[in-house]
Amino acid sequence: MGDNVNNDNNNTVIVDIISEYGKIDRKWLNVHYSTSVFMVFFGFVVECVLGTFIFFKGLSVIPFQVYIIKYIIAPSLINFLLLLIGLVIIRQSKIKQSVKVYTISLLFVVICFVLLTVHSLFNVLYFIFAVPVLLTVIYSDYILTTITSAAGIAAKTLSELFIVWDPNKYRPLDSVLNTFNFIISTCILVAFLITCLIVIRFEREKNTASIQKEIERFKMRRKLLTDELTQVYNRTALRSAFQDMENDKSSSSYVFVMMDMDNFKSLNDTLGHHKGDDSLKIFGSILKKHCGDAVPIRFGGDEFCVLFKNKSIQQVRESCGNIQNELRDCCATQSGEPLTVSVGIARYDKGMTAAQLLKNSDIALYKAKEHRDTICVYEQN
């Protein structure tokens with residue numbers, strides 16, 4: 001049972017860390033998309049400036065209207081449509097995060113494909129396909145980075161070998177030098193992919209080490225705050241809970257409960273300390289079962305306490321009654337002698353010190369011990 005609890009706690013820590021990583025990935029997806037938006041607008045501005053320069057200097061061999069439609073309007077419409085598709089997908093709450101990431105990555109590749117095809121006169125422009133690949137590294141996903149890179153290399157090959165948008169384009173098969181440059185540029189993109197995959201490998205190792213360290217810190221904090229025998233919280237945790245209670249400026253209410261086993265000493269003397277320890281363990285598990293979000297604590301020996309938050313006195317009494325009933329039933333089957341518990345309850349009032357609250361609950365517990373197996377609530381005089 002203890003191993004299962006520890007595993008559950010470890011899994012909770014891992015889930016929390018992965019959740020935080022997910023938040024970072026969602027922020028990065030917005031940066032990812034914004035970079036593609038910047039790329040589209042930058043290409044649009046450059047083409048406008050370049051077109052103005054060409055026609056101002058009289059260097060164009062095609063009519064101005066054709067240039068505007070072919071090199072500015074058509075590619076811009078295609079890329080703006082791609083950006084719109086990406087925006088719609090990002091804003092769809094029903095679409096999985098992984099689907100959004102893959103879609104934005106591949107849309108970015110298509111945007112680069114359009115830019116390279118339109119501006120194929122500049123053969124060094126192939127390196128823009130490294131940008132969408134680089135932006136996938138933060139996700140630490142081998143498959144995503146590989147698919148994005150493969151799509152970029154395929155788009156580069158398609159654009160350079162089979163599509164003629166600019167009649168003066170750089171043609172890889174026109175000369176040995178151009179073929180060599182085409183092969184080298186493709187190899188550079190492959191080498192860039194390999195580099196990114198290596199970075200992802202070490203990024204994953206770093207993340208794994210970070211998770212492991214966080215689990216170790218969590219275990220250490222939990223060990224410092226947990227009673228080793230019963231696995232409920234200890235007095236160190238009680239002091240921390242009291243401090244949080246006293247610093248709470250909200251309208252939250254608190255009820256404090258003190259519990260003391262009535263015939264625990266007799267059980268210890270009759271059946272031995274190992275049976276007493278077993279009973280304490282059972283009681284600890286019962287407390288955790290019936291306390292819900294409250295803080296069950298071993299105060300010392302056979303004394304336990306619970307700090308309830310935003311529960312009425314009646315609700316607390318019901319929880320304590322359930323604890324008494326289950327303890328009585330469990331111990332009757334284990335030792336043949338019912339083990340009972342007395343309970344003292346005190347309400348916390350704003351401005352009251354933790355010491356006063358503890359004193360009030362102790363007074364109520366003392367009254368409950370007079371009759372045993374009862375619940376007493378402290379009443380202000």
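Rules behind the numbers
Residues numbered from 1 in each chain as written. Predicted model: local features only at pLDDT ≥ 70, side-chain atom pairs only at ≥ 80, totals over all residues. Heavy atoms only, no water. Pairing = 2+ DSSP bridges. Helix = DSSP H or I, 4+ residues; strand = E, 2+ residues; numbered from the N terminus. Axes fitted to C-alpha atoms, helices over the stretch in contact; angles between N-to-C directions. Contact = heavy atoms within 4.5 Å. Patch = residues over 30% accessible without salt bridge, like charges linked within 9 Å, V, L, I, M, F, W, Y side chains within 5 Å. Areas by Shrake-Rupley, 256 points an atom, 1.4 Å probe, with all protein chains shown as cover. Salt bridge = Lys/Arg side-chain N within 4 Å of Asp/Glu carboxyl O. Buried < 20%, exposed > 50% of the residue type's maximum accessible area, 1.4 Å probe, protein only. Parallel < 35°, antiparallel > 145°, perpendicular 65-115°, else oblique. Left-handed = near helix turned anticlockwise from the far one by under 90°. Nonpolar A, V, L, I, M, F, W, Y, C, P; charged D, E, K, R; others polar. Phe/Tyr/Trp six-rings, centres within 6.5 Å; stacked < 30°, edge-to-face > 60°. Lys NZ or Arg CZ within 6 Å of the ring centre and 35° of its normal.

All right, on to the sheet that holds strand E2 (residues 295-300) then. In space, the five strands of this open sheet follow the order E2-E3-E1-E4-E5, with mixed pairing throughout. Looking at strand neighbours, the two that pair on one side only are E2 and strand E5 (375-377), the edges of this open sheet. Strand-to-strand twist across the sheet, computed as the mean angle between neighbouring axes with direction ignored, equals 20 degrees. Two elements, strand E1 (residues 254-261) and strand E3 (residues 303-309), share seven bridges in a ladder whose sense is antiparallel. When the bridges of E3 are listed, Asp260 appears paired with Glu303. Against the sheet, helix H11 (residues 354-371) engages E1, E2, E3, strand E4 (341-348) and E5, with an angle of about 145 degrees to E4.

This next bit is on a nonpolar patch on the surface. On the surface, Phe127, Leu177, Phe180, Ile184 and Ile188 cluster together to form a nonpolar patch covering roughly 460 Å² of accessible area. Accessibility expressed as a relative area gives 41% for Phe127, which makes it partly exposed.

For the pair helix H3 (residues 97-118) and helix H5 (residues 142-162), the least separation of the axes is 9 Å and the interaxial angle reads 20 degrees. With respect to each other, H3 and H5 are oriented roughly parallel. For the element pair H3 and H5, the recorded crossing hand is right-handed. Residues Val101, Tyr102, Ser105, Leu106, Val109, Phe113, Leu116 and Thr117 of H3 lie in contact with H5, whose contacting residues are Ile143, Leu144, Ile147, Thr148, Ala151, Gly152, Ala155, Lys156, Leu158, Ser159 and Glu160. When grouped by side-chain class, the residues that make up the contact of H3 with H5 number twelve nonpolar, five polar and two charged.

All right, on to the packing of H5 against helix H6 (residues 176-225) then. Where H5 contacts H6, the axes come no closer than 10 Å and their chain directions differ by 170 degrees. When the interaxial angle is binned, H5 and H6 end up roughly antiparallel. Contact with H5, carried on its side by Tyr142, Thr145, Thr146, Ser149, Ile153, Lys156, Thr157, Glu160 and Leu161, involves Phe182, Ser185, Thr186, Leu189, Val190, Leu193, Cys196, Leu197, Ile200, Arg201 and Arg204 of H6 and no other residues of that element. Within the contact of H5 with H6, the residues separate by chemical class into ten nonpolar, six polar and four charged.

Glancing now at the environment of Lys265. Checked against the element boundaries, Lys265 lands in helix H8 (residues 264-271). The spatial distance from the C-alpha of Lys265 to the C-alpha of Asp16 is 43 Å, given a sequence separation of 249 residues.

Mapped onto the secondary structure, Ser149 falls in helix H5. By relative accessible area, Ser149 is classed as buried at 4%. Beyond its immediate stretch of four places on either side in the chain, Ser149 contacts Val133, Leu189 and Leu193.

Here we take up the packing of aromatic side chains. Applying the stated criterion to the full structure yields eight aromatic pairs. Pairing Phe127 with Phe192 gives two aromatic rings, centres 6.2 Å apart and planes at 70 degrees, and the pair type is edge-to-face. Highlighted residues: Phe127 in the loop between H3 and helix H4 (130-136) and Phe192 in helix H6, separated in sequence by 65 residues. Consider the rings of Phe283 and Phe304, whose centres lie 4.9 Å apart with planes at 75 degrees: the pair is edge-to-face. One end of the pair, Phe283, is in helix H9 (residues 273-290); the other, Phe304, is in strand E3, and 21 residues separate them in sequence. In this structure Phe283 comes out as buried when scored by relative accessible area, which is 0%. Exposure remark for Phe304: the relative accessible area of 0% places this residue in the buried category. Among the aromatic side chains, those forming a connected cluster through ring pairs are Tyr126, Phe127 and Phe192. One Lys or Arg, Lys156, reaches over the ring of Tyr126 and ends 5.9 Å from the middle of that ring. Seen from the ring of Phe202, Arg201 lies directly overhead, with NZ or CZ sitting 5.4 Å from the centre.

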